[in-house]
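# Structure at a glance
What follows is the residue order along each chain.
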Amino acid sequence: MDTVGNKDAKAEIAMIKVVTPNMALKIIDRAIQAFGAVGVSEDTPLAASWANIRTLRLADGPDEVHKRAIARYELKKYR
């Protein structure tokens, strides 16, 4: 974005919006697995973090919307 501007970085921005929350969700899920039952209790912030990051995946639009946009941007290169 800094070098090419927001308009030219649309595909990369959409990719970031898909990958980042999904990766964070996987990391938190693995931490919950490592902690076992304590991971889903209120003794750790993991359960709340999982709920927050799951909500974030929907906040800026569902993943499928971003994936469709990425596909359009990529296919437009070959027209």
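Attention here is on the structure that accompanies the text.

Rules used throughout
Residues numbered from 1 in each chain as written. Predicted model: local features only at pLDDT ≥ 70, side-chain atom pairs only at ≥ 80, totals over all residues. Heavy atoms only, no water. Helix = DSSP H or I, 4+ residues; strand = E, 2+ residues; numbered from the N terminus. Expected span 1.5 Å × (residues − 1). Buried < 20%, exposed > 50% of the residue type's maximum accessible area, 1.4 Å probe, protein only. Arc of directions from axis to C-beta. Contact = heavy atoms within 4.5 Å. Salt bridge = Lys/Arg side-chain N within 4 Å of Asp/Glu carboxyl O. Core = buried A, V, L, I, M, F, W, Y, C linked by side-chain atoms within 4.5 Å.

Attention now moves to helix 3 (residues 63-76). In a regular helix each residue adds 1.5 Å, so 14 residues correspond to 20 Å; helix 3 covers 20 Å between its end C-alpha atoms and thus fits that length. Of all the positions in helix 3, only Asp63, His66 and Ile70 are classed as buried. Seen along its axis, helix 3 keeps its buried residues to an arc of 65 degrees; they face one direction. Facing away from the buried side of helix 3, by more than 90 degrees, are the exposed residues Glu64, Arg72, Leu75 and Lys76. Elements that come into contact with the buried residues of helix 3 comprise helix 1 (10-35) and helix 2 (46-59).

With that out of the way, let us pick up the pattern of salt bridges. In total, this model carries four salt bridges according to the counting rule given. For Lys67, the salt bridge is made with Glu64, and the minimal N-O distance between the two is 3.7 Å. Of the two residues, Lys67 and Glu64 are both situated in helix 3; the distance of three residues between them amounts to about one turn of the helix.

The subject of this paragraph is the nonpolar core. Leu25, Ile28, Ile32, Leu46 and Ile53 form the largest nonpolar core, which has five residues in total. Listing elements by their share of this core, those giving two or more residues are helix 1 and helix 2. Sorting elements by how many residues they give to this core places helix 1 first, with three residues. Among residues more than four places away in sequence, those in contact with Leu46 are Ile28, Ala31, Ile32, Phe35 and Gly39.

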